[in-house]
Amino acid sequence: MENSRRIFLKIAGISALGLSANPVYNAFAVSEEHGGKKEPKEIPKKGTLTAKRWAMVIDTRKFKSGKDLEPIIEACHKIHNIPVFENKRHEIKWIWEEEFKHAFPDLENEYMNERIKSLPFLVLCNHCQDAPCVRACPTKATFKHEDGIVEMDFHRCIGCRFCMAACPYGSRSFNFRDPRPFIKETNKKFPTRMKGVVEKCNFCRELLAEGKKPACVEASNGAIVFGDLEDPESEVRKLLKSNYTIRRKVALGTGPAIYYIV
Amino acid sequence: MLELAIEGSKKYYGWITALIAAIGVGFGCYLWQLSFGLGITGMSRDVSWGFYIAQFTFLVGVAAGGVMVVLPYYLHDYKAFGRITILGEFLAIASLVMCLLFVLVDLGQPMRILNVWLYPTPNSVLFWDTLVLNGYLFLNVVIGWNVLEAERNGTHYPMWVKPLIYISIPFAVSIHTVTAWLYCGLPGRGFWLTAILAPRFLSSAFAAGPALLVLLCLIIRRVTNFDPGREQIQSLSKIVAYAICLNVFFFLCEVFVVFYSKIPEHMDHIKYLFFGLHGHGVLVPWMWASVALMIISIILLVNPITRRNENVLAVACICVFCGTWIDKGLGMISGGFVPSPLHHVNEYVPTIPEIVITLGVYATGFLILTALFKMAISVKEEVSG
């Protein structure tokens, strides 16, 4: 008896080890092949807006006060089923306003232009070129598309919040409780989330797939421009050529894709 | 050998019952957390890791600290530690189980935990951390069990165990190094973004782990017929003395760099912890208590007269344990999140259910520790008597 139980446990243990080793082996096998074999390419469906690298330019000169930003935030939060919580600790936001000194803590001057000092800035996920959140995620629930968009897989996220610690822009929110009862009006075309997963701005990937521009861009009366950073003819590139722009925390080397004209 | 863990005196059963009761209460709170979400904790959008991850970090240190009895015995043939290596290994097992439980209770979607291995991601430090933690746990279970069984049977442990013992030594260092790398590789967190973080973690680990072991040895001597030995306790306390001095030294290195360079992003966190920032400073008294405890312990441990007195030694070890616990179990994690990368000061205070769940995990660890130590000591009593 004693013996057979032991043998059974040994075999069970070794089998379990073998089963769990396979995916680990595969992961390394894939990364070794990286040079030779190409990874599968994303094929966008017909009518999708595509780009080599999506980027955004926010012309803050076109905003007079926080009032001008409200419809933009509202548009985003409405279509993405963002809940409204009374408890600030549970807050979820994809795009929101910050004072200059918070949006650009490393650029704050003691004496500053009145307009910039009092003007609220729109902040959102920067869809970094070399995103620390993508590097940190242990399950690839946060990943980077070929067009530069950093997206979340809500169904794979284990809720470890490593990405939140990694993000230097505070762009990520965690569902500290079930958000569904707190969504004013559910948009059936975009998934609601469950408790325990992280979420953030997705550059309206679901709208791009329908050939539309992001909701914040549409609601901004031309203050926010969205386009392909790699295309010299794009509107984004033209704005960058003719205006001085700043990005958040450039010194960290993350390569933010959101540019601000101040 | 497991049967040895379920035979004992009334007091032993009383202790076990108390631990199981604490686990029960903690588990009840966990079920609540599971149904409501992590919103029942004090964590927030700005402070997205709290008490759980802090305890995890501290206990990885305690687990790694066990190697301080294994290394001198197996690498330097320091025979005296042969009596207590098993205690170090079993302490590591109990600590690692607590670590893994703390990671589990911190997850938003714990039932998806296997995604870490189903979609292995070598660029994530967390992936590596799960590997080294589980690896070190596995090594200690196999080594501890075989060595103890051999001792009971009056034989030498099987030869294949020896390489595992040697592997376990760098593994112990790796678990705490990789745990430090979780934090110190993040670009926007000035408090953690320092190469000294892993050495700091290791030095505090090699102080806290052996300090707890000294205390456990003193308790074992009092409640059982097995004496871990005066020489063993003294040697351990010298290790604690060196490690706590190094820990304070590393911290001072950090303080110098931060306050001489005066880079706000690095300075603000330490200011928040020790002086408060923009009127917020719940941790200020704690942090100064931690400093005081470490200084007192250095005085008591470095001075041979006080170190040799076992009553004073016990006080010194309690100081080390509490001081390093405050440093890592309270300040290290929430200190890194306050102020936030956008320079908002939103403080973190754990909630009652969060603390109850934490105590439940600690009770689980102590239950495992009690059972394992009971087994080890019963074998030692059997062999000697």
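Residues numbered from 1 in each chain as written. Chains lettered and ligands numbered in written order. Predicted model: local features only at pLDDT ≥ 70, side-chain atom pairs only at ≥ 80, totals over all residues.

Caption draft 1: The arrangement of the overall build of chain A in detail. From N to C terminus, chain A includes nine helices and 10 strands. Projected onto its principal axes, the C-alpha positions of chain A cover 85 × 50 × 40 Å. Summarising the internal contacts of chain A: among those between residues at least 6 apart in sequence, 66% fall at separations of at least 24. (Helix = DSSP H or I, 4+ residues; strand = E, 2+ residues; numbered from the N terminus. Contact = placed C-beta atoms within 7 Å.)

Caption draft 2: Quick peek at the overall build of chain B. Each helix and strand counted, chain B has 14 helices and zero strands in total. Listed by position from the N terminus, the elements making up chain B come as α-α-α-α-α-α-α-α-α-α-α-α-α-α. A compact globule built from 385 residues should have a C-alpha radius of gyration of about 21 Å, and chain B, at 21 Å, falls within 12% of that. Counting only C-alpha atoms and orienting by the principal axes, one finds that chain B spans roughly 65 × 50 × 40 Å. Out of the 385 residues belonging to chain B, those deemed buried represent 51%. Taking the contacts inside chain B whose residues are at least 6 apart along the sequence as the reference set, 78% of them involve residues at least 24 apart. (Rg over C-alpha atoms; globule rule 2.2 N^0.38 Å. Buried ≥ 20, exposed ≤ 12 C-beta atoms within 10 Å, placed from the backbone.)

Caption draft 3: Structural context of the domain arrangement of chain A. Looking at the assigned domains, one finds that chain A contains domain 1 (1-39) and domain 2 (54-261). Placing a centre on the C-alpha atoms of domain 1 of chain A and another on those of domain 2 of chain A gives a separation of 40 Å. (Domains from an automatic or database assignment.)

Caption draft 4: Structural detail: the packing of helix α2 (residues 51-65) of chain B against helix α4 (residues 85-106) of chain B. All names here are of chain B. Contact geometry for α2 and α4: axes closest at 8 Å, N-to-C directions at 160°. When the interaxial angle is binned, α2 and α4 end up roughly antiparallel. Crossing of α2 over α4 shows left-handed handedness. Mapping the contact onto sequence places Tyr52, Ile53, Gln55, Phe56, Leu59, Val60, Val62 and Ala63 in α2 and Leu91, Ala92, Ser95, Leu96, Met98, Cys99, Phe102, Val103, Val105 and Asp106 in α4. Split into classes, the residues belonging to the contact of α2 with α4 amount to 15 nonpolar, two polar and one charged. (Axes fitted to C-alpha atoms, helices over the stretch in contact; angles between N-to-C directions. Parallel < 35°, antiparallel > 145°, perpendicular 65-115°, else oblique. Left-handed = near helix turned anticlockwise from the far one by under 90°. Nonpolar A, V, L, I, M, F, W, Y, C, P; charged D, E, K, R; others polar.)

Caption draft 5: Summary view of the nonpolar core. All names here are of chain B. Judged by nonpolar contacts, the single largest core of 186 residues is most densely connected at Ala63, Phe90, Cys99, Val240, Ile244 and Val320. Here the element with the most residues in this core is α4; it accounts for 14 residues. Beyond its immediate sequence surroundings of up to four residues, Ala63 is in contact with Ala92, Ser95, Leu96, Cys99, Tyr136 and Ile175. (Core = buried A, V, L, I, M, F, W, Y, C linked by C-beta atoms within 7 Å.)

Caption draft 6: Expanded view of helix α10 (residues 264-275) of chain B. Residues of α10 of chain B that are buried: Glu265, His266, Asp268, His269, Ile270, Tyr272 and Leu273 of chain B. Of the surrounding elements, those touching the buried residues of α10 of chain B are α9 (230-261), α11 (284-302) and α13 (310-337) of chain B.

Caption draft 7: Region of the structure containing the pairing of strand β1 (residues 54-59) of chain A. Residues and elements named next belong to chain A. A large share of β1 lies buried, amounting to five of its six residues. The pairing of β1 with strand β8 (residues 224-228) spans five bridges and is antiparallel. Bridging across to β8, Met56 finds its partner in Phe226. Of the pairings in the sheet, the one linking β1 to strand β10 (residues 258-261) comprises four bridges and is parallel in character. Its bridge partner lying in β10, Asp59 is registered against Ile261. (Pairing = 2+ DSSP bridges.)

Caption draft 8: Molecular detail of unusual backbone geometry. All names here are of chain B. The linkage connecting Val338 with the following residue, Pro339, adopts the cis geometry, with an omega of -5°. Along the chain, the position of Pro339 falls in the loop between α13 and α14 (352-384). Its identity is not glycine, yet Asp77 carries a phi of approximately 55°, on the positive side. Checked against the element boundaries, Asp77 lands in the loop between α3 (67-75) and α4. Even without being glycine, Lys262 reaches a positive phi, approximately 60°.

Caption draft 9: Just the interface of chain B and chain A, in detail. Listed by partner, the interface residues are 34 residues for chain B and 45 residues for chain A. Within the residue set of the side of chain B that touches chain A, elements represented by two or more residues are α5 (115-118) and α6 (125-153) of chain B. A per-element tally of the side of chain B that touches chain A places α5 of chain B first, with four residues. Class assignment of the residues belonging to the side of chain B that touches chain A gives a composition of 17 nonpolar, 14 polar and three charged.

Caption draft 10: Fine view of the sheet that holds strand β9 (residues 245-246) of chain A. All names here are of chain A. The mixed open sheet is built from four strands, whose spatial order is β8-β1-β10-β9. The open sheet has two free edges, formed respectively by β8 and β9, since each of these has just one partner strand. As paired strands, β9 and β10 are joined by two bridges and run antiparallel to one another. Counterpart to Thr245 in the pairing with β10 is Ile261. Most of the contacts of helix α9 (residues 235-242) go to β8, to which it runs at about 115°, and overall it touches β1, β8, β9 and β10.

Caption draft 11: Representation of the environment of Leu216 of chain B in the model. Counting through the fold element by element, Leu216 of chain B comes out in helix α8 (residues 197-223). Between the C-alpha atoms of Leu216 of chain B and Leu87 of chain B, which are 129 residues apart in sequence, the distance is 8.9 Å.

Caption draft 12: How the structure looks around the environment of Gly66 of chain B. Residue and element names in this part refer to chain B. Counting through the fold element by element, Gly66 comes out in the loop between α2 and α3. C-alpha separation for the pair Gly66 and Val361, spaced 295 residues apart in sequence, amounts to 20 Å. Those residues in contact with Gly66 that sit more than four places away from it in its chain are Gly88, Glu89, Leu91, Ala92, Ala172 and Gly209.

Caption draft 13: Summary view of α3 of chain B. All names here are of chain B. Burial in α3 covers these residues: Val67, Met68, Val69, Val70 and Leu71. On the buried face of α3, the contacting elements are α2, α4, α7 (161-184), α8 and α9. Of the residues one or two after α3, Asp77 is the one with positive phi, at around 55°.

Caption draft 14: Main features of the packing of helix α1 (residues 10-36) of chain B against α14 of chain B. Residues and elements named next belong to chain B. Put simply, α1 and α14 touch, their axes get as near as 7 Å, and they point 140° apart. Comparing their axes, α14 and α1 come out oblique. Considering the relative orientation of α1 and α14, their crossing is left-handed. Its residues placed into classes, the contact of α1 with α14 shows 19 nonpolar, five polar and no charged.

Caption draft 15: Local environment of the confidence of the model for chain A. Of the residues in chain A, 92% reach a pLDDT of 70 or more, and the chain-wide mean stands at 90. This stretch, residues 32-36 of chain A, has a pLDDT under 50; its non-local contacts, to residues over four places away or in other chains, come to zero contacts. (pLDDT = per-residue confidence, 0-100.)

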